[in-house]
Structure formats: C-alpha cells, structure tokens
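# Notes for the structure review
Here is what each chain is made of, one letter per residue.
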Amino acid sequence: MNLQMLIGGNHVAGNQSIDVIDPATGQVFASCARGSREDFEDAVTAAAAAFPAWSQSTAEARSALLIRMAEVIEANLESLARTLTSEQGKPIPDAQAEVGGAAYFLRYYAGQTIPVELIEDSEARRIELHRRPLGVVAAIVPWNFPVLTAVNKVGAALLTGNTVVVKPAATTPLATLEIAALWKDLVPAGVVNVVTDNNDLGDALTGHPLVRKVSFTGSTTTGSKVMAAGSASLKRMTLELGGNDSGIVLDDCDPEVVSQQLFNSAFVNNGQVCIALKRLYVHESQYDAVCAKLAEIANAAVVGPGSQQGTQLGPVQNRVQFDKLRALIEETRTEGTIIAGGDSPEGEGYFINPTIVRDIADNARLVTDEQFGPVLPVMRFADIDDVVARANNTSFGLGNSVWSADPARAGAVAARLDSGSVWINKHGDIGPDTPFAGAKMSGVGIEMGMHGLLEFTQAKVMNYAKAARV
C-alpha cells in the first residue's frame, strides 16, 4: 500500500514524513508522507478545478460512485481494520466495526436525494427552494474515529456536489491514506484529496479563500480557532466539538441492569468519544449500589493491545492525552475516592485501567472538564431540580441521557437538559440518518441526516411570476 498523499488524482510523497506510533507499545511502527503548505495549496487548487464538472454531475452518477467507494472499503475491511488498530489502539472488533460503518455511511448517503422544496404555487407566483453545491470542502478529522469521521464527511460532501480536501489527524493518518489509495483510480481527479500535516498547517485550509466550507470535528479550543480563521471569507462551518455529557439515573432503576449499560456508555472506545458519558449523577437511594457495580465491571474489564484477542479496552491513543489523564487522576486522589482503576498495567504503551471515582464534588476538574479517556466520576443527588441544574451547569452541550424504568418520567427530565441530543435509557446512539448537533460550546451546525446534508449546500430561491407580460 502506497502511504502517500492524494492530490489531484496523483500520489504525492511530500518532502518530509510523519512517524506513526503504536499506542500499545509507544514505539514508531510506520511512517507516511507529510504535507507542506505547498501541498495544501495544490490540493485546494485541484479540488477547485474539479468542482465545476463534479457539481454538474447527475445525482445518479454521484450515488453510483459512493456505492463503488463503499465496495472498495468493504473488500479491504480486514487490512484497514488492522492498520486502524495499530495507529489508534482500539480492539480489532471495534476497528472492524468502524471501517464497516464507514462503508455503511457511504451507502446511506448514496440512497439520499435532496428534493426541490415548493414554497408557494399560487395564481400570482411559484417559489421553489433549490439546493446547490458550495464548492471546496475542508474536512478536518480527529484521532478517535479517524476512518468513520473522514468517510462521513466525504460522503456528505460528494453527494451534494462538492469536492473535498481531507486532513487526517497527525497521529492517525494511515488508514485514511490507505483508503485514499484505494479510491485513487475510482474517484475523478481532484474530487477527493487527502493531505497530511503534523498539526501545524490547519490554517492552510481554514483560511484558504477557495475553501467554501469547513467540516471540523475536534476540541472546542481548536474549533474556535477554526471559526476565527474562516471568518474573513465567511466560510460555512460545521463544528462538532467537545462534550461533557451527563447521565442521570433516577431512583427506580435496577443497579444490576443499568450499571453495565452505563459502563458501556462511558468507556466506549476507551472513553475517547465526544459523546461518551462523562459525568454520572445517581439518585442517593441507588448511589452505593451503582458505584459498587460499576467498580466490579471496571475491575473485570480486559485491558490490553487492540490486536490481542479478548481485549475490551485498548490504550489511550497518544502520549499527550495519556499524560493529561494520568495527571488528572493524580489530582483526583485528593478530591474523590477512586474505587476502581487509577493506575496503569505494567509494561509499555499508553494504558490506563478503567477508573471509577465516587464522592467527588461538582467543581472538581474531573467533573468540569472533558476528560476524554477511561475515567468516570459518579456523583449523588436527591432532588430532580437540583440535578437538572447541575447537569446544565457547563459550557458544553453535546449530549445527555436520563435512565428510568418509566420512559415518560425520564423524558420529562430529558426535556429540561440543555444539549443537542438527549437519550432515554441509552447514550450516544447516533447514525447517518439521525441529525447530530451540539448546543453552547459543543458546536455549530448539524451533522448527518438530511439536516446535515443541507449544511453542505447553498439555498437558492427560484421565484417565478405567473401570467406576467414582458
């Protein structure tokens, strides 16, 4: 596999390289091309040159191409999953699910059409709302789900007639470059471009005058910089940013049943998910039982290399995040009671045992910040009004969940929570057909579903006079 960049339909080796670290060992295991500012310029120029023809292609042609792109991913699923595990750390079954999910997203988009919306059809006039492509889309991708996030952005951009430049995260570029190589002779030159950097050239996309939209997934801090960089040319923005999702467990739940679901919601992808459950509030009548059960589940979890059969939780993806989490855990020792984890297994790699912390105050940094790793604080509550206020007392607003034996009762609580998504008796349930948006500092715009597709388009109103003489 040629792990070079894809620019204008050609492989580009670049003048430098990126060393990619296996987080299970902490050692370099591969390298790939590293782009320069000139490479980013070439990629944007190629995408802009390809836009007129691609934007005029038929909806049927675009859908057919997305299907072929999905088929190529599916045919190489095992190889892509192994690469993804090596660079990201997640267990092989999770990597297979991510790669397969990427193909599924492409197939979903291939089945969508954006109809003309009839606003008025009266004796005097006919008004239609059409949707047109925007132009070049910059797709900036994080390291937690590098394949799925990249392919989701590409699928939405291409279906709506745009061309795209993808920038993978510097620590997880390989599987995306493999997919780009698989697509090289399938996708018209310049329609999809993939350019890498060392987290130092994002402004080459976000500030480029030919880029008309930025689709960014990442931290709130970086998202604000992306928005600022694009403001001069008033680029369209979809920013899917950080979250500090709460879960509220009401007093009628069965701790034996709900705790496993809570654990899965918090520790999916080793807690490295923007919508993972990151703050858990449990009614005082269930608090001790839920804490004990969560600790039992955490202590039984199998932590190890993602390539090792039976592993449930792999390593933290990179050294910077690993060090941040370890410092946060050390700080937490004086602020709460660690009842599971709080340490790392012996040996190499960026491993942290799943950690449960109880009896911790709401103003502790573990509770107020997005930890983005295998650490969960659990707080008690007695009053619904109080816990709703505590859950809403954050600058984030990505998602929340409420758990109860009575879904209607849970729904009444969920309606009071300030977030783009609220789940009842589950957490983090998203898919290509479901709109996903953040409130407050958790994002701008919508991803996925028809609402997400429309974010990749320009509204154009066609207003016809009837019975007019000219």
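Treat the numbers as computed from the prediction; the structure is a model and nothing was measured. (Residues numbered from 1 in each chain as written. Predicted model: local features only at pLDDT ≥ 70, side-chain atom pairs only at ≥ 80, totals over all residues. Heavy atoms only, no water.)

### Some points on empty space enclosed by the protein
Under the criterion given, the structure shown has 6 cavities of 30 Å³ or more. Lining the largest cavity are Ala150, Val151, Val154, Val166, Thr176, Ile179, Ala180, Trp183, Val192 and Val194. For the lining of the largest cavity, the secondary-structure elements that each account for two or more residues are α5 (146–159), α6 (174–183) and β9 (192–194). With 4 residues, the single largest contributor to the lining of the largest cavity is α6. (1 Å grid on protein atoms, 1.4 Å probe; cavity = no way out; pocket = protein on both sides within 12 Å on 5 of 7 lines; lining within 4 Å. Points joined across faces, edges and corners; volume = space filled by probe spheres on them. Helix = DSSP H or I, 4+ residues; strand = E, 2+ residues; numbered from the N terminus.)

### So, helix α1 (residues 37–55)
For α1, built from 19 residues, the straight-helix expectation of 27 Å at 1.5 Å per residue is met to within 8% by its first-to-last C-alpha distance of 26 Å. Maximum bend of α1: about 30 degrees, positioned at alanine 49, with proline proline 52 one to four residues after it. Those residues of α1 not exposed but buried are Asp39, Phe40, Ala43, Val44, Ala46, Ala47, Ala50, Phe51, Trp54 and Ser55. (Expected span 1.5 Å × (residues − 1). Bend = angle between axes of the 7 residues up to and from the residue. Buried < 20%, exposed > 50% of the residue type's maximum accessible area, 1.4 Å probe, protein only.)

### Some remarks on the layout of surface pockets
Of the volumes computed, that of the largest pocket is approximately 1,200 Å³. Contributing to the lining of the largest pocket are 47 residues, with Trp143, Asn199, Gly218, Ser219 and Thr222 lying nearest its centre. Mapped by element, the contributors of at least two residues to the lining of the largest pocket are β3 (16–22), α7 (203–206), β10 (211–217), α8 (220–230) and α11 (319–332). Element by element, the count of residues in the lining of the largest pocket is highest for α8, at 6 residues. Grouping the amino acids of the lining of the largest pocket by side-chain chemistry returns 21 nonpolar, 17 polar and 9 charged. Taken together, 39 residues line the second largest pocket, and the ones lying closest to its centre are Phe145, Val268, Asn269, Val273 and Gly428. Looking at the lining of the second largest pocket, the elements with two or more residues in it are α4 (92–110), α5 and α9 (255–267). Among the elements that line the lining of the second largest pocket, the one with the most residues is α4, at 6 residues. Class assignment for the residues of the lining of the second largest pocket results in 19 nonpolar, 14 polar and 6 charged. (Nonpolar A, V, L, I, M, F, W, Y, C, P; charged D, E, K, R; others polar.)

### Digging into the sheet that holds strand β14 (residues 337–340)
Across the sheet, which stays open at both edges, the 7 strands sit in the order β14-β15-β16-β13-β12-β17-β18 with mixed pairing between neighbours. Only two strands of the sheet have a single neighbouring strand rather than two, namely β14 and β18 (421–424). Strand-to-strand twist in this sheet, taken as the mean axis angle between neighbours without regard to direction, amounts to 25 degrees. In the packing of helix α14 (residues 407–414) onto the sheet, the strands contacted are β12 (246–249), β17 (399–403) and β18, and the crossing angle to β18 comes to about 160 degrees. (Pairing = 2+ DSSP bridges. Axes fitted to C-alpha atoms, helices over the stretch in contact; angles between N-to-C directions. Contact = heavy atoms within 4.5 Å.)

### Some thoughts on the pairing of β17
In regular strands, side chains alternate between the two faces of the sheet. Counting buried residues in β17 gives 5 out of 5 residues, a clear majority hidden from the surface. Pairing between β12 and β17: 4 bridges, direction parallel. When the sheet's bridge partners are listed, glycine 247 is paired in β17 with serine 401. Where β17 meets β18, 4 bridges bridge the pair, whose relative direction is parallel.

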